[in-house]
Amino acid sequence: MKLGHFELGVPVFLAPLAGVTDKAFRETFCAVGGEHAWTEMISAQALIYQNSRTLNILDLRGEAEPRIIQLFGRDPETMARAALLAIDCSANVIDINMGCPVPKIVKNGEGAALLKDLPRAQAIASAVVQAVNVPVTVKIRLGWNDDEIVAVELAKRLESVGVQMLTVHARTREQFYSGHANWEWIRRVKKEVSIPIIGNGDVFIPEDAGRLIEQTGCDGVMIGRGALGNPWLIPLTQHYLKYGVILPEPLIEERIQVALQHFDRVLRYKGERIGLNEMRKHAVWYIKGVRRAAQLRGEIMHSRTPNDLQSVLRQILQR
Ligand SMILES: Cc1cc2nc3c(=O)[nH]c(=O)nc-3n(C[C@H](O)[C@H](O)[C@H](O)COP(=O)(O)O)c2cc1C
């Protein structure tokens, strides 16, 4: 598939994951062979006010193209202004969040709240498309709840104002992350519009991605939770979709080496205090499936300095 002038084949995207897919994670993802990443979602309003944490999230220097920035907000004009600022920071695709289920976001009329106000959702997309000269994409859920599925109607509205690609997370807002993603709706959306559709929800092994494409006809897939502590899943899935071959998963030594390199990047970008805090959760994900994981988890959570945490990880290498 094509997005603007980018030829992406059948892309396997790393999902936007707030608090996870920061610069350190994205660099680690690229280092293990991943290609297409999204930023964490960024508040349009905070971007306009040049909030310093937001500007850090926007650091895209040295990253591979297309550099996809995800914005959230409720006001069309603010979103359009924020999109222009994002492009100044070298974004070359603007994605709009219409799926975040978190109460503090939806109560402001942002994220998944837009699933209840389709004219506003359309006006936001239209304002951003009019303002910028790069592709604009949107990420949606199916609807607010099972009685209010709006995915097909919303997809048509977004296509009509010039949105160039749509990611469908096949859950409702009320589901949050529970139950199963209902891929059938991805198939219906794909049938009703001509822009590329990216299928999302419950891809945890490469074969899931194969089934998702086969069952829905979607043009690419996006992986979120499956990539936690496991950035390899995405290049392995890409390889499977291209050649039909499942490559072996990395050995534990490689996993730990990559976790240590990830930690160095987190420390570089976030400093010791925040970096240690954030790396604890990543480290717990990286050691999933390792022998004595429960005990190691305790040691990770109790590590008081970066050195403590690095020692716990190195211990695994020495075993
Ligand atoms: C910790 C976490 C943070 C997330 N942050 C975002 C976000 O910033 N923007 C967004 O559109 N979706 C976000 N999502 C949703 C994911 O991008 C994805 O749609 C969802 O996890 C379903 O895909 P999966 O089944 O592969 O995990 C987040 C999900 C998780 C678990």
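Small disclaimer: the values here were computed from a predicted structure and weren't measured.

A. Expanded view of the site of the ligand. For the ligand, the set of nearby residues contains 16 residues, the closest of which are Ala18, Gln70, Asn200, Asp202 and Arg225. Methionine 41 is positioned such that a nitrogen or oxygen atom in its backbone is 3.3 Å from an oxygen atom of the ligand. Contacts to the ligand include glutamine 70, whose side-chain N or O atom sits 2.8 Å from a nitrogen atom. Classifying every residue of the shell around the ligand by side-chain character gives 7 nonpolar, 6 polar and 3 charged.

B. Molecular detail of unusual backbone geometry. With an omega of -5°, the peptide bond running from glutamate 65 to proline 66 counts as cis. Considering the arrangement of structural elements, one finds proline 66 in the loop between α3 (52-57) and β5 (68-72). Notably, aspartate 202 is not glycine yet its phi reads approximately 70°, a positive angle. Relative to the helices and strands, aspartate 202 resides in the loop between β9 (197-200) and α9 (206-216). Aspartate 202 sits in the buried class, given a relative accessible area of 16%.

C. Expanded view of the sheet that holds strand β3 (residues 12-14). Spatially, 8 strands are ordered β3-β4-β5-β6-β7-β8-β9-β10 in a closed barrel, and the strand pairing comes out parallel. On average, adjacent strands in this sheet sit at an angle of 30° to one another, irrespective of strand direction. Across 3 bridges, β9 lies against strand β10 (residues 220-223) in parallel orientation. Within the sheet, the bridge partner assigned to asparagine 200 lies in β10 and is methionine 222. Running over the sheet, helix α4 (residues 76-88) touches β5 and β6 (93-98) and is turned about 155° from β5. Lying on the sheet, helix α10 (residues 233-243) is in contact with β3, β4 (36-43) and β10; it crosses β3 at an angle near 170°.

D. Expanded view of the domain arrangement of the protein. You can read the domains of the protein as domain 1 (2-243) and domain 2 (252-318). Across the boundary between the two partners, domain 1 contributes 15 residues, which contact 14 residues of domain 2. Carbon and sulfur atoms supply 60% of the area buried between domain 1 and domain 2, which totals about 1300 Å² over both sides. The interface formed by domain 1 and domain 2 includes 2 salt bridges. A salt bridge links glutamate 27 to arginine 265, with the shortest nitrogen-to-oxygen separation between them at 3.6 Å. Applying the counting rule to domain 1 against domain 2 returns 6 residue pairs in polar contact (both at pLDDT 80 or more). A class-by-class count of the residues in the side of domain 1 that touches domain 2 yields 8 nonpolar, 4 polar and 3 charged.

E. Structural detail: the pairing of strand β7 (residues 136-141). Most of β7 sits out of view: 6 of its 6 residues are buried. Where β6 lies against β7, 5 bridges are found, and the strand directions are parallel. When the sheet's bridge partners are listed, aspartate 95 is paired in β7 with threonine 137. Across 5 bridges, β7 lies against strand β8 (residues 165-169) in parallel orientation. Bridging from a neighbouring strand, arginine 141 pairs with histidine 169 of β8. Taken together, β7, helix α7 (residues 151-160) and β8 form a β-α-β motif whose crossover is right-handed.

F. Layout of α4. The terminal C-alpha atoms of α4 lie 19 Å apart, and with 13 residues this matches the ideal 18 Å at 1.5 Å per residue to within 8%. For α4, the complete set of buried residues consists of Pro76, Thr78, Met79, Ala80, Ala82, Ala83 and Ala86. Where α4 is buried, its residues contact α2 (44-48), β5, β6 and α6 (118-131). Immediately downstream of α4, the backbone of serine 90 shows phi near 80°, a positive value.

G. Molecular detail of the environment of leucine 84. Take leucine 84: it is sitting in helix α4. In this structure leucine 84 comes out as partly exposed when scored by relative accessible area, which is 41%. With residues up to four places along the chain from it excluded, the contact list for leucine 84 reads Ala131 and Val132.

H. Up close: the packing of helix α11 (residues 252-286) against helix α12 (residues 293-302). Following both chains from N to C, one finds α11 and α12 inclined at 170°, their axes separated by 9 Å at the closest point. Between α11 and α12, the angle is such that the two are roughly antiparallel. Contacts between α11 and α12 involve Arg280, Ala283 and Val284 from the first element and Arg297, Ile300 and Met301 from the second. Its residues assigned to classes, the contact of α11 with α12 shows 4 nonpolar, no polar and 2 charged.

I. Up close: a nonpolar patch on the surface. On the surface, Tyr243, Val245 and Leu247 cluster together to form a nonpolar patch covering roughly 270 Å² of accessible area. Tracing the backbone shows tyrosine 243 in helix α10.

J. Representation of α9 within the structure. Pro206, Asp208, Ala209, Gly210, Leu212 and Thr216 are the residues of α9 that are buried. Where the residues of α9 are buried, they touch α8 (184-192), β9, β10 and α10. Directly beyond the C-terminal end of α9, a positive phi value near 75° is found at glycine 217.

The rules behind these values
- Residues numbered from 1 in each chain as written.
- Predicted model: local features only at pLDDT ≥ 70, side-chain atom pairs only at ≥ 80, totals over all residues.
- Heavy atoms only, no water.
- Near = heavy atom within 4 Å.
- Polar contact = N/O pair within 3.5 Å; in protein donor to acceptor, adjacent residues only side chain to side chain.
- Nonpolar A, V, L, I, M, F, W, Y, C, P; charged D, E, K, R; others polar.
- Helix = DSSP H or I, 4+ residues; strand = E, 2+ residues; numbered from the N terminus.
- Buried < 20%, exposed > 50% of the residue type's maximum accessible area, 1.4 Å probe, protein only.
- Pairing = 2+ DSSP bridges.
- Axes fitted to C-alpha atoms, helices over the stretch in contact; angles between N-to-C directions.
- Contact = heavy atoms within 4.5 Å.
- Domains from an automatic or database assignment.
- Buried area = accessible area lost by both parts, 1.4 Å probe.
- Salt bridge = Lys/Arg side-chain N within 4 Å of Asp/Glu carboxyl O.
- Right-handed = clockwise from strand over helix to strand, strands pointing away.
- Expected span 1.5 Å × (residues − 1).
- Parallel < 35°, antiparallel > 145°, perpendicular 65-115°, else oblique.
- Patch = residues over 30% accessible without salt bridge, like charges linked within 9 Å, V, L, I, M, F, W, Y side chains within 5 Å.
- Areas by Shrake-Rupley, 256 points an atom, 1.4 Å probe, with all protein chains shown as cover.

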